[in-house]
Amino acid sequence: MTALPQPLDAMRHDDAPPAKRLTQDYDRIARVIRYLDAHVEDQPDLGTLAAEVGLSPFHFQRLFQRWAGVSPKRFLQFLTVDHARRLLASDASVLDAALDVGLSGPSRLHDLFVACEAVTPGEAKRGGDGLTIAYGFHPTPFGAALVGATERGICWLGFVPEAGPDAALGRLKERWSAARLVHDQSATAPLAERAFAGGDVAVHLRGTNFQIKVWEALLRIPLGPAVAYEDVARAIGRPGAARAVAGAIGANPVAVLVPCHRVIRKTGPFSGYAWGPERKRAILGWESARLGDEAPAAA
């Protein structure tokens, strides 16, 4: 993520175009989460957190309300290990219910309806030869993202790393090495909007049979609870394969829509996320805030 200059001009930020403001908002949220990770024992107050991103307490509070819909204090309660353990409390019932309705077809993911279609074995072997993938870079609530799509759905949703857009595009090219990639912002913009604002979304996944099975299981995790790696392994009939499940989750090519961020360790830490631990915390906190989760005050 881009380093932030100090100090920041709050009014100029508020006057920024919506897309730029969205990226700026997440950059600041991520910076605060990193600061909290390093100073959790100090329990920094609102003024300290605001100073970390060069804003007044008033503007910092307003930023959080705009981004998360809750106060900074309330949002930060969602980032604790205790909260993670509460998310895990109903993991068994969540996956059991998912299995009752099978692992294929449409799945509900908060306000989205996500349909999963895997490539055929022949398509997988060809590495995308004959496929055209439209791609574009778009702002999201969690930073700039690269969206790639075939005519059958989103095949890539990945956040832009610190190395920049070229590095992000390189990862897409690596996964679909033989496909024809076409830069087409107009084609991917509505998909990016629906991915984060609600709507019917199809995903077009390429992976091994085992990976596809894991990703389909992830689509059954609803907004709210979280599950452990061991529970996903049990749900797909491979109770001893938690490590392999973790590998498949790490290889998920469609962030957020295939909610690998909802799989956490049984001990509670928000680690093991391909797009960075602060982004995983941010997404889980944002989802908890959308649910209006009544988390008790942090000690």
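For the structure, see preceding data.
Because the structure is a prediction, the values reported are computed rather than measured.

## Some points on the overall build of the protein
Right, on to step 1. Per the secondary structure count, the protein includes 14 helices and seven strands.
Right, on to step 2. Across the 299 residues that make up the protein, the buried fraction comes to 51%.
Right, on to step 3. Residue pairs at least 24 apart in sequence account for 70% of intrachain contacts in the protein once pairs closer than 6 positions are excluded.
Right, on to step 4. Split by element, the accessible area of the protein, about 13300 Å² in all, is 54% carbon and sulfur.

## Here we look at helix α9 (residues 165-175)
Right, on to step 1. Buried residues of α9: Ala168, Leu169 and Leu172, and no others. Take α9 and look down its axis: the buried residues cluster within an arc of 95 degrees, on one side only. Facing away from the buried side of α9 by over 90 degrees, the exposed positions are Asp166 and Glu174.
Right, on to step 2. At its buried positions, α9 is contacted by β3 (132-138), β4 (145-150), β5 (153-159) and β6 (180-183).

## Let's talk about the pattern of salt bridges
Right, on to step 1. According to the stated counting rule, one finds four salt bridges in the structure shown.
Right, on to step 2. Across the salt bridge formed by Arg66 and Asp25, the nearest N and O atoms sit 3.3 Å from each other. In this pair, Arg66 sits in helix α4 (residues 57-68) while Asp25 sits in helix α2 (residues 18-39), placing the two residues 41 residues apart along the sequence.
Right, on to step 3. Look at Arg66 and you get partly exposed, because its relative accessible area is 34%.
Right, on to step 4. In this structure, Glu287 and Arg262 form a salt bridge, with 2.7 Å as the shortest nitrogen-oxygen distance. In this pair, Glu287 sits in helix α14 (residues 277-291) while Arg262 sits in the loop between α13 (242-250) and α14, placing the two residues 25 residues apart along the sequence.
Right, on to step 5. Judged by relative accessible area, Glu287 falls into the buried class, the value being 4%.

## Some points on α14
In an α-helix, one turn spans 3.6 residues; hence positions three or four apart end up facing the same way.
Right, on to step 1. With 15 residues, α14 should reach 21 Å at 1.5 Å per residue; the first-to-last C-alpha distance of 21 Å fits that figure.
Right, on to step 2. Most of α14 sits inside the fold, with twelve of its 15 residues counted as buried.
Right, on to step 3. Those residues of α14 not exposed but buried are Glu278, Arg279, Lys280, Arg281, Ala282, Ile283, Leu284, Gly285, Trp286, Glu287, Ser288 and Ala289.

## Some remarks on the packing of aromatic side chains
Right, on to step 1. Scanning the entire structure with this criterion turns up eight aromatic pairs.
Right, on to step 2. With 5.1 Å between their ring centres and 75 degrees between their planes, Phe60 and Phe64 make a pair best called edge-to-face. Here Phe60 pairs with Phe64, and both are found in helix α4, just four residues apart, close to one helical turn.
Right, on to step 3. For Phe60, a relative accessible area of 1% puts it in the buried group.
Right, on to step 4. Here Phe64 falls in the buried class, since its relative accessible area comes to 1%.
Right, on to step 5. Measuring from ring centre to ring centre gives 6.4 Å for Tyr135 and Phe137, while their planes differ by 90 degrees; the resulting arrangement is edge-to-face.
Right, on to step 6. Residue classification places Phe137 among the partly exposed positions, given a relative accessible area of 24%.
Right, on to step 7. In textbook terms, an aromatic cluster arises when at least three aromatic residues are bridged by ring pairs, as seen for Tyr26, Trp67, Phe142, Phe196 and Trp286.
Right, on to step 8. Lying across the ring of Trp176, Arg206 places its NZ or CZ 5.8 Å from the centre.
Right, on to step 9. Above the ring of Phe159, the side-chain terminus of Arg279 is found at 4.3 Å from the ring centroid.

## Quick look at the pairing of β5
Right, on to step 1. Along β5, seven of the seven residues are buried, which leaves the element largely enclosed by surrounding structure.
Right, on to step 2. Pairing of β4 with β5, which is carried by six bridges, proceeds in the antiparallel orientation. Directly across from Thr150, in β5, lies its bridge partner Gly153.
Right, on to step 3. Where β4 folds back on β5, the antiparallel hairpin that results is connected by two residues.

## Some thoughts on the packing of helix α11 (residues 209-218) against α13
Right, on to step 1. Contact geometry for α11 and α13: axes closest at 9 Å, N-to-C directions at 80 degrees. In terms of their interaxial angle, α11 and α13 are classed as roughly perpendicular. Facing Phe210, Gln211, Val214, Trp215 and Leu218 of α11, the residues of α13 in contact are Ala244, Val245, Ala248 and Ile249.
Right, on to step 2. Tallied by class, residues from the contact of α11 with α13 come to eight nonpolar, one polar and no charged.

Scoring rules and cut-offs
- Residues numbered from 1 in each chain as written.
- Predicted model: local features only at pLDDT ≥ 70, side-chain atom pairs only at ≥ 80, totals over all residues.
- Heavy atoms only, no water.
- Helix = DSSP H or I, 4+ residues; strand = E, 2+ residues; numbered from the N terminus.
- Buried < 20%, exposed > 50% of the residue type's maximum accessible area, 1.4 Å probe, protein only.
- Contact = heavy atoms within 4.5 Å.
- Areas by Shrake-Rupley, 256 points an atom, 1.4 Å probe, with all protein chains shown as cover.
- Arc of directions from axis to C-beta.
- Salt bridge = Lys/Arg side-chain N within 4 Å of Asp/Glu carboxyl O.
- Expected span 1.5 Å × (residues − 1).
- Phe/Tyr/Trp six-rings, centres within 6.5 Å; stacked < 30°, edge-to-face > 60°.
- Lys NZ or Arg CZ within 6 Å of the ring centre and 35° of its normal.
- Pairing = 2+ DSSP bridges.
- Axes fitted to C-alpha atoms, helices over the stretch in contact; angles between N-to-C directions.
- Parallel < 35°, antiparallel > 145°, perpendicular 65-115°, else oblique.
- Nonpolar A, V, L, I, M, F, W, Y, C, P; charged D, E, K, R; others polar.

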